[in-house]
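Analysis of the macromolecular model
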Amino acid sequence: GQQLNQSPQSMFIQEGEDVSMNCTSSSIFNTWLWYKQDPGEGPVLLIALYKAGELTSNGRLTAQFGITRKDSFLNISASIPSDVGIYFCAGPREAGGTSYGKLTFGQGTILTVHP
Amino acid sequence: EAQVTQNPRYLITVTGKKLTVTCSQNMNHEYMSWYRQDPGLGLRQIYYSMNVEVTDKGDVPEGYKVSRKEKRNFPLILESPSPNQTSLYFCASSDRDPEVDTQYFGPGTRLTVL
């Protein structure tokens, strides 16, 4: 199955700073999903990407589907304390195909925002 | 309110004592799934179900069983729990394939096996 590597594993930033994180795969993906997990909660879908090169925004969040189809990036602009949490990328477990229910997740990026 | 519920939220048990974690959704979703979350490993899929009576293995199915007799319920069964199954468990559901439809997660069940 697919393996997803997220970087960095953790980030400590000041409120107001911009944040960048990425996710890479050894194989081609057709879909990239980004989730956020607030402390003590289940993950929530932030952004879904379906086309190579696609750039999608959701408020202060912007995600991109890498041209090589083997990576994806998530940026957060002007961070605020409620951005704290774990950010996960996810994609289909079978290389190059649709998941038909099988999803694989990255290890997560832990974001801490200091006021 | 549309939601995924899990019970119990917290459970401490001993090795070998069978347990069931229930999961229920009120959104008439066809797809349901179980994940475990461990530090440094992210979320790993245990089992999933595309519809009633249809279940399939995820990445880490060993030591777990599931059933999908009704659309709304998807219980996770540990027949003989072991300490390596100590983890945070999440149930999730989506209208169809989570690759194309938003997947909604429950609040999690923290399980400790002594």
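Overview of the structure. (Residues numbered from 1 in each chain as written. Chains lettered and ligands numbered in written order. Predicted model: local features only at pLDDT ≥ 70, side-chain atom pairs only at ≥ 80, totals over all residues. Heavy atoms only, no water.)

Some words on the overall build of chain B
The helix and strand inventory of chain B stands at zero helices and 11 strands. Along the chain direction, N to C, the helices and strands of chain B fall in the order β-β-β-β-β-β-β-β-β-β-β. For chain B, whose C-alpha radius of gyration is 13 Å, the value lies close to the compact-globule estimate of 13 Å for 114 residues. Taking the principal axes of its C-alpha atoms as reference, chain B extends roughly 35 × 30 × 25 Å. For chain B, the residues scored as buried account for 51% of the 114 residues in total. The contacts in chain B between residues at least 6 apart in sequence include a share of 54% that link residues at least 24 apart. By element, 50% of the accessible surface of chain B is carried by carbon and sulfur atoms, the whole surface being about 5400 Å². Here chain B contributes 13 positively and 13 negatively charged side chains, and the mean placements of these two sets differ by 8 Å. (Helix = DSSP H or I, 4+ residues; strand = E, 2+ residues; numbered from the N terminus. Rg over C-alpha atoms; globule rule 2.2 N^0.38 Å. Buried < 20%, exposed > 50% of the residue type's maximum accessible area, 1.4 Å probe, protein only. Contact = heavy atoms within 4.5 Å. Areas by Shrake-Rupley, 256 points an atom, 1.4 Å probe, with all protein chains shown as cover. Lys, Arg positive; Asp, Glu negative; His and termini not counted. Charge placed at Lys NZ, Arg CZ, Asp CG, Glu CD.)

Details of a nonpolar patch on the surface
Residues and elements named next belong to chain B. Together, I12, V14 and L114 make up an exposed nonpolar region whose accessible area comes to about 320 Å². Summarising the element assignment, V14 is placed in the loop between β2 (10-13) and β3 (19-25). According to the relative accessible area criterion, V14 is partly exposed, its value standing at 43%. (Patch = residues over 30% accessible without salt bridge, like charges linked within 9 Å, V, L, I, M, F, W, Y side chains within 5 Å. Salt bridge = Lys/Arg side-chain N within 4 Å of Asp/Glu carboxyl O.)

So, the packing of aromatic side chains
In the structure shown here, the tally under the stated rule is 10 aromatic pairs over all chains. Seen from their ring centres, Y31 of chain B and Y48 of chain B are 6.1 Å apart, and the 25 degrees between their planes marks the pair as stacked. Highlighted residues: Y31 of chain B in strand β4 (residues 31-38) and Y48 of chain B in strand β5 (residues 42-51), separated in sequence by 17 residues. Plain terms: the ring middles of F90 of chain B and F105 of chain B are 6.3 Å apart, the flat faces sit at 80 degrees to each other, and that makes the pair edge-to-face. Here the residue F90 of chain B occupies a position in strand β9 (residues 87-94), and F105 of chain B occupies one in strand β10 (residues 104-105), the gap between them amounting to 15 residues. Aromatic ring contacts, followed pair by pair, group Y35, F88 and F105 of chain A together with Y35, F90 and F105 of chain B into a single cluster. (Phe/Tyr/Trp six-rings, centres within 6.5 Å; stacked < 30°, edge-to-face > 60°.)

A few points about the sheet that holds strand β8 (residues 76-78) of chain B
Spatially, the four strands line up as an open sheet ordered β1-β3-β8-β7 (chain B), and their pairing is antiparallel. The open sheet is flanked by β1 (4-7) and β7 (65-66) of chain B, the only strands paired with a single partner. (Pairing = 2+ DSSP bridges.)

Here's the deal with the sheet that holds strand β1 (residues 4-7) of chain A
Residue and element names in this part refer to chain A. Spatially, the five strands line up as an open sheet ordered β1-β3-β8-β7-β6, and their pairing is antiparallel. Each edge of the open sheet is held by one strand with a lone partner, namely β1 and β6 (55-58). Across the sheet, the mean angle from the axis of one strand to that of its neighbour is 15 degrees, orientation sign disregarded. As judged from the six bridges shared by strand β3 (residues 19-25) and strand β8 (residues 71-76), these two strands associate in the antiparallel manner. Residue pairing in the sheet places M21 in a bridge with L74 of β8. (Axes fitted to C-alpha atoms, helices over the stretch in contact; angles between N-to-C directions.)

Take it as geometry only, folks, not as evidence of what the structure does.
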